[in-house]
Amino acid sequence: MSTRFINPPTISKPPGYTHVVEATTPGRIVYIAGQLGLDAAGNVAGAPGDFRAQARQTFENLKHALAAVGATFADVVKLNNYLTDLGHLPIFREVRDSYLNTQRPPASTTIQISKLAREGALLETEAVAILPAKVARATRTRRAARPARSPARASRGKVAPRKRK
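Keep in mind it's a predicted model, so treat the numbers as computed, not measured.

Student: Can you help me understand the nonpolar core in this one?
Tutor: Nonpolar side chains tend toward joint burial in soluble globular proteins. The biggest cluster of nonpolar side chains holds 22 residues, and the ones touching the most others in it are Phe51, Phe59, Leu66, Phe73, Val76 and Phe92. The set of elements that each furnish at least two residues to this core consists of strand S3 (27-35), helix H1 (51-67), strand S4 (76-83), helix H2 (89-99) and strand S6 (123-132). Beyond its immediate stretch of four places on either side in the chain, Val76 contacts Leu66, Pro106, Ala127, Val128 and Ala129.

Student: Even after reading the chapter, I still don't get H1, so can you show me in this structure?
Tutor: The end-to-end C-alpha distance of H1, which contains 17 residues, comes to 24 Å, matching closely the 24 Å that a straight helix rising 1.5 Å per residue would cover. Elements in contact with the buried residues of H1: S3, S4, H2 and S6. Looking at where H1 begins, the residue whose side-chain oxygen comes 3.4 Å from the main-chain nitrogen of Arg52 is Asp50.

Student: Help me understand the environment of Glu22, please; the structure alone is not making it clear to me.
Tutor: For Glu22, the location among the structural elements is in strand S2 (residues 20-24). Judged by its relative accessible area of 34%, Glu22 falls in the partly exposed class. The spacing of Glu22 and Ile6 is 16 residues in sequence and 7.9 Å in space, taken between C-alpha atoms. Every residue in contact with Glu22, bar those within four places of it in the chain, is listed here: Ser2, Thr3 and Arg4. Within polar-contact distance, the side chain of Glu22 engages the side chain of Arg4 at 2.6 Å.

Analysis parameters
- Residues numbered from 1 in each chain as written.
- Predicted model: local features only at pLDDT ≥ 70, side-chain atom pairs only at ≥ 80, totals over all residues.
- Heavy atoms only, no water.
- Core = buried A, V, L, I, M, F, W, Y, C linked by side-chain atoms within 4.5 Å.
- Buried < 20%, exposed > 50% of the residue type's maximum accessible area, 1.4 Å probe, protein only.
- Helix = DSSP H or I, 4+ residues; strand = E, 2+ residues; numbered from the N terminus.
- Contact = heavy atoms within 4.5 Å.
- Expected span 1.5 Å × (residues − 1).
- Polar contact = N/O pair within 3.5 Å; in protein donor to acceptor, adjacent residues only side chain to side chain.

Here it is, written out as structure tokens:
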């Protein structure tokens, strides 16, 4: 697997993201749904209107979601960010950059929206990550998908070939 982060010299240099990320892979693509600044209990982080607390919690949630598939922020190739007020963009960038490799940041889009689905939420971030294929896991999954031998068949030691219809 190889990933290239490219900022063509014919396009202005972006602040904290990469214009083009190319992945050549057989690998796994992981899509992470938009994460809000909610703690594990579902409460909005920080005091009402505390954008920094929500941004930190959002990126902690992304970190946990990535870890669930064995990934880190180094595997992220794309972020989509939705802020209810672009006035928070400097704080957003500061928090985001504390989680990402700023030498190879993912492609990113940030837009302002009027409201999020959760009352009090000030931002939402979704991610796409690319990881190497897991050959061993695929093999285990296929084995697990096979039905177990019946006790009677297992005790004979041999399995009769199946008849084709």
